[in-house]
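Reading the structure
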Amino acid sequence: METLKNFLKQKATNLRIHSIISTSEAGSGHPTTCLSAADIVSALFFHAMRYDCSDAQNPNNDRFILSKGHAAPLLYAAYAEAGIIPTEALRTLRQIDSILEGHPTPRFEWTEVATGSLGQGLSLGLGMALNGKYLDESDYRVYVLLGDGETAEGGVWEAAALASHYQLNNLIGIVDVNALGQSQRTMHAFDVDTYCRRFEAFGWQTIGIDGHNFDEILPALAQAKASTHKPTMIVAKTFKGKGVSFLENADNWHGKAVAKGEELDKALAELGPLNLGDPVQVEAPQPVAERAERVGATECEPPDYPSGEEVATRGGYGIGLAKLGGVNPNVVALDGDTKNSTYAEQFMERYPNRYFEMFIAEQNLVGAGIGLAKRGKIPFVSTFAAFLSRAYDQIRMSAISQANIKYAGSHCGVSIGEDGPSQMGLEDIAMFRAIPEAVVLYPSDAGSAERLVAEAAAHEGIVYLRTSRPKTPILYDADESFPIGGSKVVQQSNQDSLTVVAAGVTVHEALKAHSALAAEGIAIRVIDLYSIKPIDAEALKAAAAETNNTLVTVEDHYPEGGLGDAVLDAVATADVYVHKLAVTGMPRSGKPEELLEHHGISANAIVQKVKDIIVQ
């Protein structure tokens, strides 16, 4: 045991030295938070964890999530000490052509999830642990290193509650209690007992330790690994800047590198010699069992709705997701206690082992979905569109994590009716359009909703599917296809005076307007822009060219960042006039048809707008 402890102490010293040097070379970074956690990371990476150094994607590797992502230099140093990256590469930290970024991202393949926006790591770990225990039935463990300051984030406690509920004994957290935040002392400073009591209240096994004493670190890790039905949180008292006298437990060093020269020389002299020694022998995971290949089909039974039936697009989502589950075992579903409204319950009823209830905790809903995605699943995460705004930070981080995750937001727009403005998703298109490379889909009938669920699953990356509450007529034949990036011309003639571009419920309002105008001898073209991003720019330009270079957009969304702005962007280089009809002002409760009328996106509003344009 003494040999092991001496080995781990030296490795911790090496980690501190690497962290100091790499941040000094970069001229920026967070070396002091690396120094506080170095002993813990040494014990994890070179003793407790099992992983295949030659294969970052080995499904049986233990997983490590650095929730306190500003300690990235420590993470990279650990992989260098494990022989996975060359030590010289550490000097490229934060350089534009380096994979070793200031906070971890999957550009470095051993980083599964991006971190740095604090309070998210435990949710990510929850998703990975759910996968290991309930889906893959693997014996890997998930380790999450948190900072004490980030435990003020509500998302941490959302994850804590769910991890206990699902009895995730394969999830082990470590809180690095160094008592120093960015600008001041943390809320509970060095009060390890308070942290322990809090996690115990959420149903966790907790272990308080001195995070610099291997006589306490190693038994704590062994006890955590032996848990049979509870997640474990190790609460470790440490000192920020440990090992360097002028840094240790000192204020005003967060986010500051040690200056080259005399200051750096003094720090390195205090830390002691760097001793690379023999290569680390990391314990390998269990061999990957031979498994039947998990099929990734996305071709489902075609939609089947009786002629004349009206079905909400949220209903089409539920049916399509359940069908998809039958042909693709990688598909999983998560919902935030809205499954009887989003209709995710249809998937749950057929495939209960692949459905995870996240309750009313949207940040954790998204974070767990990201964790599942990074373990090879295709998660469909659903709730009301309005409530996804609560998890927008997690959503943007899912893009940085390069997650293959699908979001479904129901109850969008004023068309939900009497529930009122708190329940109306009116910002969601803008939210998701702003996410790099995200796809935004908005079906107008249940059949297209089904088809777009399958399209979402087949697409690698983030997809947002917007669904509506009201029942609407079936517009399309069962054999109709809806490729991402496409659109549908649902009404057209050679005499069309302009083109109305709509999606979702406003397609049906546009069709009513088309009939009303036709009765007065006015012809308009109607486009169903079901794919808002990527957008069918060529179809829009072609329609404009044939209809007096005039487009009218109609959307059940605020004017900023929605369908209208997407169309404006698409035709910006063409000589096209775009008139936007969108929800303005603060909505209120009322019947859906009253609200569409009140906010100027009804068939009547479209008719009036068309007449105003023609008269001009």
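So, how was this worked out
Residues numbered from 1 in each chain as written. Predicted model: local features only at pLDDT ≥ 70, side-chain atom pairs only at ≥ 80, totals over all residues. Heavy atoms only, no water. Phe/Tyr/Trp six-rings, centres within 6.5 Å; stacked < 30°, edge-to-face > 60°. Buried < 20%, exposed > 50% of the residue type's maximum accessible area, 1.4 Å probe, protein only. Lys NZ or Arg CZ within 6 Å of the ring centre and 35° of its normal. Helix = DSSP H or I, 4+ residues; strand = E, 2+ residues; numbered from the N terminus. Axes fitted to C-alpha atoms, helices over the stretch in contact; angles between N-to-C directions. Parallel < 35°, antiparallel > 145°, perpendicular 65-115°, else oblique. Left-handed = near helix turned anticlockwise from the far one by under 90°. Contact = heavy atoms within 4.5 Å. Nonpolar A, V, L, I, M, F, W, Y, C, P; charged D, E, K, R; others polar. Pairing = 2+ DSSP bridges. Right-handed = clockwise from strand over helix to strand, strands pointing away.

Turning our eyes to something else, we now look at the packing of aromatic side chains. Counting across every chain of the model gives 23 aromatic pairs. Plain terms: the ring middles of Phe 384 and Phe 387 are 5.2 Å apart, the flat faces sit at 15° to each other, and that makes the pair stacked. In this structure Phe 384 comes out as buried when scored by relative accessible area, which is 8%. What links up through ring pairs into an aromatic cluster is the set Phe 45, Phe 46, Tyr 51, Phe 64, Tyr 76, Tyr 79, Phe 108 and Trp 110. The ring of Phe 482 carries the charged tip of Lys 488 above its face, separated from the ring centre by 4.9 Å.

Here the focus is unusual backbone geometry. Negative phi characterises most residues that are not glycine, and trans characterises most peptide bonds. Lys 533 connects to Pro 534 through a cis peptide bond whose omega is -5°. Phi at Ala 179 takes a positive value of approximately 70°, unusual for a residue other than glycine. Relative to the elements of secondary structure, Ala 179 occurs in the loop between strand 3 (171-177) and helix 6 (192-201). One non-glycine residue, Asp 337, lies in the positive phi region at around 60°.

At a minimum axis distance of 7 Å, the contact between helix 9 (residues 313-327) and helix 15 (residues 446-458) shows a crossing angle of 45°. Relative to helix 15, the element helix 9 lies oblique. Seen from above, helix 9 lies across helix 15 with right-handed handedness. On helix 15, the residues touching Thr 313, Gly 316, Tyr 317, Ile 319, Gly 320, Leu 321, Lys 323 and Leu 324 of helix 9 are Ala 446, Ala 449, Glu 450, Val 453 and Ala 457. For the contact of helix 9 with helix 15, the class distribution of residues is eight nonpolar, three polar and two charged.

Let's shift gears to the sheet that holds strand 18 (residues 550-554). The strand order 14-16-15-18-19 describes an open sheet built from five strands, whose pairing is mixed. Both edges of this open sheet fall to strand 14 (488-491) and strand 19 (577-581), since each of them pairs with a single strand only. Put simply, the sheet's adjacent strands are angled 25° from each other on average, direction ignored. Sheet topology places strand 14 next to strand 16 (residues 525-528); three bridges connect them, and they run antiparallel. Bridge assignment links Val 489 to a residue of strand 16, and that residue is Ile 527.

The next point concerns the sheet that holds strand 4 (residues 205-210). One open sheet accounts for five strands, arranged 1-2-3-5-4; its pairing is parallel. Across the chains shown, the open sheet's two edge strands, defined by having one partner strand only, are strand 1 (63-66) and strand 4. Averaged over all pairs of adjacent strands, the angle between their axes in this sheet comes to 20°, without regard to strand direction. Sheet topology places strand 4 next to strand 5 (residues 232-237); six bridges connect them, and they run parallel. Bridge assignment links Ile 209 to a residue of strand 5, and that residue is Ala 236. Across the face of the sheet, helix 7 (residues 214-225) comes into contact with strand 2 (142-147), strand 3, strand 4 and strand 5 while running at roughly 170° to strand 4.

Turning next to the pairing of strand 15 (residues 499-502). Both faces of strand 15 are covered, namely the face carrying Thr 499 and Val 501 and the face carrying Val 500 and Ala 502. Two strands pair when backbone bridges link them, and strand 15 and strand 16 are joined in this way by four bridges, in the parallel orientation. Among the inter-strand pairings, Ala 502 is bridged to a residue of strand 16, identified as Asp 528. Crossover connection from strand 15 via helix 16 (residues 505-518) to parallel strand 16: handedness right-handed. Bridge count for strand 15 against strand 18 is four bridges, and the pairing is parallel. Counterpart to Thr 499 in the pairing with strand 18 is Leu 551.

Interpretation note: all reported values are geometric properties and have no functional meaning in isolation.
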